[in-house]
Amino acid sequence: MKIGIILVDSLPLPPVKGGAVENLVQLIIDNNEIQKKENFIIFSKYDVIAEQKTSDYSYTKYIYYNPGFIGKCVDFVLKVIRRLLRVLFNVSTPSLYEIRAYCVFKKAGVKTIVLENCPSYACFLNRNKEFRVIQHLHNDYLHEPNKQNLRIIHSTDKFITVSDFIKKRLRSISPLGISIETCYNGIDLGAFAKGVDVGKLNALREDLGIQSNDKLLIFTGRLVRNKGVKELLLAFRSLTDKYKNLKLVIVGGVSFSNNNKDEYIIELENISSTIKDKVKFTGYVDYSCIVQYLKLAAVAVVPSTCYEAFSLSTLEAMASGVPVIVSDAGGMLEQVTHQTGIIVPCGENFVSDLATAIEELISDDSRLREMSKAAKERAQYFSDKRMYDRFVELVK
């Protein structure tokens, strides 16, 4: 059976420019090359480097949207018109990207299309009920019972959510007849559990200014307000006088493969200006190198102030044997146990509670060792193979 998979039109697949969803989809594709259960047809944004990486795939065909200069100009004009129609008349019209995807899947004889975190595409692609449309939701997009969301729901045959949290939110506004199933995200556990070259670690430690007796906290992810980086910095700053060997590395940029500075990053740098010798901003780091930073860390902090659907940063830290401190926002409660980390409630005292949790862990080496072992064991439940098997089971 041919299964079409479409991604949003912002990042390419294979994920040469990053992207959490893109990396997850690529893991499914790579597992399929091993298990040979399905034939995938992927539709995504064009990138020359991404295209070069597709030649060795036997069970996946990559088709790219590459409109050229004229097409990009037409796209821009249509985007303005579509936005006006949506704002003024509440009318949704398809983009050229969606139209091209429809033509590709129709010509290829695809009967099932999986939408990877692009729920609005269902309204056009399934307007004539020509396909079986499955939504693979990686975010909390569809919990509001407005007209557009209800239109999307009724254009969809099945939903796959990455956590029970998202499933419950979606179920609250969906007809009982629509299937909603959970498929937990997975990661390549081997990539995070394996050892890292000592020479590379020492070089990275020197570059970051980390001494052998330092306790290192780490944040990995996009530097946007709802990820709680400001709150983490404030909590960290309150501890630096008491704990002279405490340091913080913030790994990530404003968006995937983007090291530009916006107002929020400038605000973060201003907060850390008085303790800049204890804080290191790395900017965007290629996904394959994240494990090196995690191997240096004593504790990973995922202080999101928004509803996290299912945090990959949390899984990556646990798979690396790093205890975690997370907020109680969303699906992270399904990942972390009291044996693997500390869960901090989002509320008025979030910053001080974060500081308390950090202090609690860094001052207890025995507990850190126990949590490290438990974190590795817990991470085994979230393998890419388990995710792939569940995904294939649900799309059949």
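Residues numbered from 1 in each chain as written. Predicted model: local features only at pLDDT ≥ 70, side-chain atom pairs only at ≥ 80, totals over all residues. Heavy atoms only, no water.

### Some points on the sheet that holds strand E1 (residues 2-7)
Pairing between the strands of a sheet comes from backbone hydrogen bonds, and it takes one of two forms, parallel or antiparallel. Taken in spatial order, the seven strands line up as E3-E2-E1-E4-E5-E6-E7 in an open sheet, and their pairing is parallel. The open sheet has two edge strands, strand E3 (60-65) and strand E7 (179-182), and neither has a second partner. Along the sheet, successive strands turn relative to each other by an average axial angle of 20°, direction set aside. Relative to strand E2 (residues 39-45), E1 runs parallel, the two sharing five bridges. (Pairing = 2+ DSSP bridges. Helix = DSSP H or I, 4+ residues; strand = E, 2+ residues; numbered from the N terminus. Axes fitted to C-alpha atoms, helices over the stretch in contact; angles between N-to-C directions.)

### Observations regarding the packing of aromatic side chains
Scanning all chains against the criterion turns up 17 aromatic pairs. Note on Phe-192 and Tyr-287: the rings are 6.0 Å apart at their centroids and 70° apart in plane angle, and the pair reads as edge-to-face. Separated by 95 residues along the polypeptide, Phe-192 in helix H8 (residues 189-193) and Tyr-287 in the loop between strand E10 (279-283) and helix H12 (290-296) bring together distant segments of the chain. Using a relative accessible area of 3% as the deciding quantity, one classes Phe-192 as buried. According to the relative accessible area criterion, Tyr-287 is partly exposed, its value standing at 30%. Among the aromatic residues, ring-to-ring pairing joins Phe-43, Tyr-65, Tyr-97, Phe-105 and Tyr-121 into one connected group. The ring of Tyr-102 carries the charged tip of Arg-127 above its face, separated from the ring centre by 4.8 Å. Seen from the ring of Phe-124, Arg-127 lies directly overhead, with NZ or CZ sitting 4.1 Å from the centre. (Phe/Tyr/Trp six-rings, centres within 6.5 Å; stacked < 30°, edge-to-face > 60°. Buried < 20%, exposed > 50% of the residue type's maximum accessible area, 1.4 Å probe, protein only. Lys NZ or Arg CZ within 6 Å of the ring centre and 35° of its normal.)

### Details of the pairing of strand E5 (residues 132-137)
E5 sits mainly inside the fold: five of its six residues count as buried. As paired strands, strand E4 (residues 112-116) and E5 are joined by five bridges and run parallel to one another. If you follow Ile-113 over to E5, its bridge partner there is Val-133. Bridging between E5 and strand E6 (residues 158-161) involves four bridges; their strand directions are parallel. Within the sheet, the bridge partner assigned to Leu-137 lies in E6 and is Thr-161. Handedness of the crossover joining E5 and E6 through helix H6 (residues 147-154): right-handed. (Right-handed = clockwise from strand over helix to strand, strands pointing away.)

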